Amino acid sequence: MELGLVGLGRMGGNMRERIRRAGHTVVGYDRNPDLADVHSLEELVGKLRAPRVVWVMVPAGEPTRTTIDALAELLEPGDVVVDGGNSRWTDDEKHAGKLAEKGIGFVDCGVSGGVWGLENGYALMYGGDAEHIAKVQPIFDALKPEGDFGAVHAGRVGAGHFAKMVHNGIEYAMMQAYAEGWELLEKVDFVDNVREVFRSWQDGTVIRSWLLDLAVNALDEDEHLEKLRGYAEDSGEGRWTVEAAIDNAVPMPAITAALFARFSSRQEDSPQMKMVAALRNQFGGHAVAKK
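Criteria and cut-off values
Residues numbered from 1 in each chain as written. Predicted model: local features only at pLDDT ≥ 70, side-chain atom pairs only at ≥ 80, totals over all residues. Heavy atoms only, no water. Helix = DSSP H or I, 4+ residues; strand = E, 2+ residues; numbered from the N terminus. Buried < 20%, exposed > 50% of the residue type's maximum accessible area, 1.4 Å probe, protein only. Patch = residues over 30% accessible without salt bridge, like charges linked within 9 Å, V, L, I, M, F, W, Y side chains within 5 Å. Areas by Shrake-Rupley, 256 points an atom, 1.4 Å probe, with all protein chains shown as cover. Salt bridge = Lys/Arg side-chain N within 4 Å of Asp/Glu carboxyl O. Pairing = 2+ DSSP bridges. Axes fitted to C-alpha atoms, helices over the stretch in contact; angles between N-to-C directions. Contact = heavy atoms within 4.5 Å. Core = buried A, V, L, I, M, F, W, Y, C linked by side-chain atoms within 4.5 Å. Right-handed = clockwise from strand over helix to strand, strands pointing away.

Visitor: When you look at unusual backbone geometry in this model, what are you seeing that I'm missing?
Guide: Working note: non-glycine residues mostly have negative phi, and peptide bonds are mostly trans. The amide bond that connects alanine 50 to the next residue, proline 51, takes the cis arrangement and shows omega of -5°. Residue leucine 225 is not a glycine yet carries a positive backbone phi of 55°. Here leucine 225 shows up in the loop between helix H9 (210–221) and helix H10 (237–247). Leucine 225 sits in the partly exposed class, given a relative accessible area of 25%.

Take a look at the structure:
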């Protein structure tokens, strides 16, 4: 099968290689000419035989919108566009509607696997009409992990990105739990080897996971994480998950708290804690730390 792939960064570049290893032809375009097989979207479309499948793997938001708008003018009826980035699910129906006016199909696909996907495969959650999914299926089969699991047709357009959004929200909460446990273990003076405690959890415990394995890898590289600053960005999907929970009246305290914890990492001197300290001083005479 032939595939056009737009966006050859850390994820897209490895996806191109995995698809090629499965025996498919990939024509890749990236703004960085050192990564690209072709020099424009026009050239990419021209090198593919109809019906074409073009997979977009660029940052969510405006980069994705402008790329899909450009492809809408270049592709033909019967072609399919796949958005494999971390787009917000509410954008998918807009993209699908715009492309449908020209007879072009649309599939949204949440992709998980990070830098490990090339060797391990990518977990895929896709949404769209069955006829459009069928045209992309050989590529899904090439990208997914070996075995019976790792890919799902989650539902209609938008379902793939919604499922990936919830996946990332769960990821937020899991990472926060590991981080809080690690900090507590590091804090007490009677646990001598926190790294080996984490390592001991990798087998036989109910909290073993790939994230735990990665935590041990990180501690092997920097046992007390002294080389890192305590700052963590949020990609947007955690926020979207919490917003969707509010819209649907679904209680989500763990994921919400994990999102807010990332906000606190951006404050070297918390304004909230100033007020908490002031109040404790006012009602109880508790000591405060002056600048």
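Visitor: Any chance you could explain a nonpolar patch on the surface here in plain terms?
Guide: There is a patch of nonpolar side chains on the surface, built from Val115, Trp116 and Trp210 and spanning about 340 Å² of accessible area. The class for valine 115 is exposed, based on a relative accessible area of 55%.

Visitor: Looking at this structure, I do not really get the sheet that holds strand E5 (residues 105–112). What am I missing?
Guide: For sheets, the rule is that strands pair by backbone hydrogen bonds, running either parallel or antiparallel. Reading across the sheet, the 7 strands line up as E2-E1-E3-E4-E5-E6-E7 and stay open at both edges, with mixed pairing between neighbours. Two strands close off the open sheet at either side, each with one partner strand: strand E2 (25–29) and strand E7 (151–155). Going across the sheet, the axis of each strand differs from the next one's by a mean of 25°, ignoring polarity. Contacts from helix H6 (residues 130–143) reach strand E1 (2–6), strand E3 (53–56), strand E4 (80–83), E5, strand E6 (123–127) and E7 within the one sheet, and its direction differs from that of E5 by about 30°.

Visitor: How should the nonpolar core be read in this particular structure?
Guide: Nonpolar side chains in soluble globular proteins generally cluster together in the buried interior. Counting residues in hydrophobic clusters, the biggest one holds 22 residues, and the most contacted among them are Trp55, Val136 and Phe140. Those elements that place two or more of their residues in this core are E1, helix H1 (10–21), E3, E4, E5, E6 and H6. Per-element accounting of this core gives the leading share, 5 residues, to H6. Among the nonpolar cores identified, the runner-up in size contains 21 residues, and Tyr29, Leu41, Val54 and Phe106 belong to it.

Visitor: Sorry if this is basic, but what is going on with the pairing of E3 here?
Guide: Remember that side chains alternate between the two faces of the sheet whenever the strand is regular. Of the two faces of E3, the one lined by Val53 and Trp55 and the one lined by Val54 and Val56 are each fully buried. Pairing analysis gives 4 bridges linking E3 to E4, with the strands arranged parallel. Counterpart to tryptophan 55 in the pairing with E4 is valine 82. Tracing the backbone out of E3, into helix H3 (residues 62–74) and back to the parallel element E4 gives a crossover that is right-handed.

Everything listed here is a matter of geometry and, on its own, says nothing about what the molecule does.
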